[in-house]
Amino acid sequence: MEIRWDILAIIIGASIVTFLPRVLPLVVLSRLQIPDLAMRWLSYIPVAVMAALLGNELLMTDGQLTSLKENIELFAALPTFLVAIFTRSLLGTIITGVISVMLLRLIM
């Protein structure tokens, strides 16, 4: 088996580019004392990111707002959210979402 040095260099470079942005903030911030106000503000970032991702995925298609009649995913998200909130089960949530989309595509 022959080693292609250019491919190896690309893999190593890509791993460094992926690794550095994840590790540098951890190293720098672990040595600093962050004020309580900043810590409270940072605690909302995961929720805001998830809301932005879900809103974009559920409400838009190809950069355009989707009409409610054509938006199967939005209707499938309702029972999925309810299962997620009441059961706190990742497997149950995924199964509910998949079955909801399947049934709605079958009906519509």
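Our structure is the block above this text.
Rules used throughout
- Residues numbered from 1 in each chain as written.
- Predicted model: local features only at pLDDT ≥ 70, side-chain atom pairs only at ≥ 80, totals over all residues.
- Heavy atoms only, no water.
- Helix = DSSP H or I, 4+ residues; strand = E, 2+ residues; numbered from the N terminus.
- Rg over C-alpha atoms; globule rule 2.2 N^0.38 Å.
- Buried < 20%, exposed > 50% of the residue type's maximum accessible area, 1.4 Å probe, protein only.
- Areas by Shrake-Rupley, 256 points an atom, 1.4 Å probe, with all protein chains shown as cover.
- Lys, Arg positive; Asp, Glu negative; His and termini not counted.
- Charge placed at Lys NZ, Arg CZ, Asp CG, Glu CD.
- Axes fitted to C-alpha atoms, helices over the stretch in contact; angles between N-to-C directions.
- Parallel < 35°, antiparallel > 145°, perpendicular 65-115°, else oblique.
- Contact = heavy atoms within 4.5 Å.
- Salt bridge = Lys/Arg side-chain N within 4 Å of Asp/Glu carboxyl O.
- Polar contact = N/O pair within 3.5 Å; in protein donor to acceptor, adjacent residues only side chain to side chain.

Q: Tell me what's going on with the overall build of the chain, and back it up with residues and numbers.
A: The secondary structure content of the chain amounts to 5 helices and 2 strands. Ordered by position from the N terminus, the helices and strands of the chain form the series α-α-α-β-β-α-α. What you see for the chain is a C-alpha radius of gyration of 21 Å, clearly larger than the 13 Å of a compact globule of 108 residues, by over 25%. Counting across all 108 residues of the chain, residues that qualify as buried make up 13%. Of the roughly 9,500 Å² that the chain leaves accessible, carbon and sulfur atoms contribute 74%. Each charge class in the chain was averaged separately, 7 positive and 7 negative side chains, and the resulting centres sit 10 Å apart.

Q: Quick rundown of the packing of helix H3 (residues 45-59) against helix H4 (residues 72-87)? Include the residues and the values.
A: Two elements in contact, H3 and H4, have axes separated by 8 Å at closest approach and are oriented at 135 degrees. In terms of axis orientation, H3 runs oblique to H4. Facing Leu-54, Leu-58 and Leu-59 of H3, the residues of H4 in contact are Glu-73, Leu-74, Ala-77 and Phe-81.

Q: Can you break down the environment of Arg-88 residue by residue, with the values?
A: Relative to the elements of secondary structure, Arg-88 occurs in the loop between H4 and helix H5 (90-107). Overall, Arg-88 belongs to the exposed group, its relative accessible area being 71%.

Q: I'd like a description of the side chain of Thr-80, backed by residues and values.
A: Along the chain, the position of Thr-80 falls in helix H4. Beyond its immediate chain neighbours, meaning those up to four positions away, Thr-80 contacts Thr-93, Thr-96, Gly-97 and Ser-100.

Q: Requested: an account of the pattern of salt bridges, with residues and values cited.
A: The final tally for this structure, using the stated rule, is 2 salt bridges. Between Asp-6 and Arg-4 there is a salt bridge; the shortest N-O distance is 3.3 Å. The exposure class assigned to Asp-6 is partly exposed, which follows from its relative accessible area of 43%. Between Arg-105 and Glu-73 there is a salt bridge, with the nearest N and O atoms lying 3.5 Å from each other. With Arg-105 in helix H5 and Glu-73 in helix H4, the pair connects residues that are 32 residues apart, well separated along the chain.

Q: Describe the environment of Leu-20, naming the residues involved and giving the relevant values.
A: Turning to its location among the elements, Leu-20 is positioned in helix H1 (residues 5-30). Note on Leu-20: relative accessible area 41%, which makes it partly exposed. Separated by 31 residues in sequence, Leu-20 and Ala-51 place their C-alpha atoms 26 Å apart.

Q: Residue-level account of the side chain of Thr-93, with values.
A: Considering the arrangement of structural elements, one finds Thr-93 in helix H5. From its side chain, Thr-93 meets the backbone oxygen of Ser-89 in a polar contact 2.7 Å long. Not counting chain neighbours up to four residues away, the residues in contact with Thr-93 comprise Thr-80, Val-83 and Ala-84.

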